[in-house]
Each structure stands twice: as structure tokens, then as C-alpha cells.
Number of protein chains: 2
Amino acid sequence: MKSTNPFNPNLDLTFERVIEVPRELVWRAWTEPALLKQWFTPAPWQTIECDIELRAGGVFRTVFLSPEGERFPNAGCYLEIIENEKLVWTNAMQPGFRPTFSSNETHADFPFTAIISLASQGSGTKYTATVLHADAAGCKKHAAMGFHDGWGKALDQLVALAQRL
Amino acid sequence: MKSTNPFNPNLDLTFERVIEVPRELVWRAWTEPALLKQWFTPAPWQTIECDIELRAGGVFRTVFLSPEGERFPNAGCYLEIIENEKLVWTNAMQPGFRPTFSSNETHADFPFTAIISLASQGSGTKYTATVLHADAAGCKKHAAMGFHDGWGKALDQLVALAQRL
């Protein structure tokens, strides 16, 4: 059974766009490390490492490289996986569902859960990314980091990648 | 696919016992609110409220009543559900997988994930409860609260309940 979406406009951010990419390709771009590394971070940032264990509790780990050459590791785990349809992951838990140490010093210094939803629309996909936060402060921080612009540019890169595949 | 068990003796607590209760009954005791309220807290503590939405991301909420009449609410969500075999839940996320506000003032002031594993053994069940913590401090705090004694007494109550059913 699919989990419900608890979107709350005071706590959460959402991004939606229809793209001319079949959802099976969007799914591959999100779940194959070799593909994800090509689009996940808006250039000139890069994603230089990616581990994916595609099951509930499995690792989702990336390392971002800033234009200045600084590494930013991110680690979390998957929570729900419905192929070609829904992918839920969080940085609030580590692999095996271990809660994340609250003062851990990773790039993501606020906990969130990301819900990627894919629905077929014509020959393309309605792509919805919803990010849940624990509190309004985390939400504001994420928005101020450029959530909408960042996810939009990354999605542009995903579309460009899909056209090359 | 089942998640792996990331047990780490420096961070985690585990409790194992073979009980003369079929695992289908243990499962019911863990997943039916009317039953759970009868065994979950060692007497004279009581569990006076219980909400269960048995799906990944679904609510698991209880309210404990101390012998002095003080209410202690607990809220979290389920992470993995394999009927009669494995139940995983956490207080580190709220329903819909929303991360728990880190300074929230509930009874559980450290995040944990509980993994209940049931395996048939003769006419009974090998019952294993593993609790994962974010750090050693959380683990020590949970141990000092009487983890082994508490889970043992609660399980005695579960066995007594099963004999009445």
C-alpha cells in the first residue's frame, strides 16, 4: 500500500513540471548511479560519487564537489520504492533505518524526506518532487538554499541526459 | 526485499527470547490496538491510547500513563511490515515519513528504530527485538532507562495475554 502524502505548506517544499521524458527513463536517471551522477547537481557543481541500494532501508549516498573543489558528502536511505512511480528517501535515517545523529556535520544540516512522484502524461511525465521537513526553520533554510532553482536546473540536466540516451 | 539488520553493539540494544506463543498471535498483539494496550507497558504503567496504521509511513502512536497519572505520548511511524515476521518502526519520523523535530518534547527524547523479528520455533516463536540508536549516548540512555527489564516484563504480559486469547 502506498503511503499518503502529508504535504504541509508551512513545512514543506514542492516542485512540479511536465517533461518530455518517459517515466521509465526518469526512474533510471534516479536509480542508476552512472546516470544520476550526470544530472543530480546543477553545474558547475558535480556529483562525483553515488551508491544506491534500491530497497527500503538501503543506502542512498552521494558526494558533491563544489566548483572550488570541496567535497560535500550526503548519506541517507530509501523508505519506499514503487518502480517507475514513486521513490522516497531521507537523510534523517542511515542505512538499515538507523536514525541520523542529530548534530552530524554533513552538507545537509537539517533533516528532510524527499518524495519523487512520476505519472505518465502523454508521451512524457508529470514529475513532482516534494520535500518534507521537521519544522518551519528547516523548510525556510532549504528554500533559502535555492530549492526551486536547484531542482529546476537539475531537472533540465536530467532531460538533456535522457535525450542523449 | 527485506532490509538488512545493521546491529552495532556500541550503538544498539537487543533482546531475544523463545516464547510458547505462535508468531501469528505475537503479530496480532503488536498490531491490534485493543491487544497492544493490554501488554505494551510493564504494570503499573498503562498504555491508554494506541493508533496503528499498518503500512510504511503509517502512524504508530501510543500514550503511556504513569502510576502517578502522568501522560507520556509517543509518536512515530512504521518503516517495514512483513506480516507475522518483521515489524520495523521508529520515533525518528512521523506519519508520512516526516522527520521528527529534533528537540520535540515527547517521552522519547532520543531517536530510535525498533525491529521486531519473529521466527517459528517448534510450536512457539523466537522473538527478537533490536533497537537502533543514532549514537552511543542514546543507546546508554535507553539501557539506563531499563531496556532489558522493561522489554522482558512487557513480553511476559504479552505471553499472559496470548494465553487468555
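Scroll up to find the structure.
These lines cover the structure that appears in this document, whether it is placed above or below. (Residues numbered from 1 in each chain as written. Chains lettered and ligands numbered in written order. Predicted model: local features only at pLDDT ≥ 70, side-chain atom pairs only at ≥ 80, totals over all residues.)

**Overview of the overall build of chain A**
(1) Moving on: Regarding its fold elements, chain A presents four helices and nine strands.
(2) Moving on: Relative to the globule expectation of 15 Å for 165 residues, the C-alpha radius of gyration of chain A, 15 Å, shows essentially globular dimensions.
(3) Moving on: Overall size of chain A, expressed as C-alpha extent along the three principal axes, is 45 × 40 × 30 Å.
(4) Moving on: For chain A, with 165 residues in total, the buried portion stands at 32%.
(5) Moving on: A separation of at least 24 residues holds for 51% of the contacts in chain A among residues at least 6 apart in sequence. (Helix = DSSP H or I, 4+ residues; strand = E, 2+ residues; numbered from the N terminus. Rg over C-alpha atoms; globule rule 2.2 N^0.38 Å. Buried ≥ 20, exposed ≤ 12 C-beta atoms within 10 Å, placed from the backbone. Contact = placed C-beta atoms within 7 Å.)

**Details of the environment of Gly57 of chain B**
Residues and elements named next belong to chain B.
(1) Moving on: Inspection of the secondary structure assignment puts Gly57 in the loop between strand S2 (46-52) and strand S3 (59-65).
(2) Moving on: Of the residues examined, Gly57 has 25 C-beta atoms within 10 Å and is grouped as buried.
(3) Moving on: C-alpha of Gly57 to C-alpha of Val18: the two residues are 39 residues apart in sequence and 29 Å apart in space.

**Here's the deal with the pairing of strand S4 (residues 71-82) of chain A**
All names here are of chain A.
(1) Moving on: Relative to S4, strand S3 (residues 59-65) runs antiparallel, the two sharing seven bridges. In the sheet register, Leu65 faces S4, and the bridge partner there is Arg71.
(2) Moving on: In textbook terms, the turn of a hairpin is the stretch between consecutive antiparallel strands, and for S3 and S4 this stretch comprises five residues, one of which, Gly69, has a positive phi near 90°.
(3) Moving on: In the sheet, S4 pairs with strand S5 (residues 86-90) via five bridges, with the strands oriented antiparallel. Looking across to S5, one finds that Ile82 is bridged to Lys86.
(4) Moving on: Counted along the chain from S4 to the antiparallel partner S5, the turn is three residues long, and its residue Asn84 has a positive phi close to 65°. (Pairing = 2+ DSSP bridges.)

**Digging into the interface of chain A and chain B**
(1) Moving on: With 30 residues of chain A at the interface, the matching set in chain B holds 29 residues.
(2) Moving on: Within the residue set of the side of chain A that touches chain B, elements represented by two or more residues are S4, S5, strand S7 (98-99), strand S8 (112-121) and strand S9 (124-133) of chain A.
(3) Moving on: A class-by-class count of the residues in the side of chain A that touches chain B yields 15 nonpolar, 11 polar and four charged. (Nonpolar A, V, L, I, M, F, W, Y, C, P; charged D, E, K, R; others polar.)

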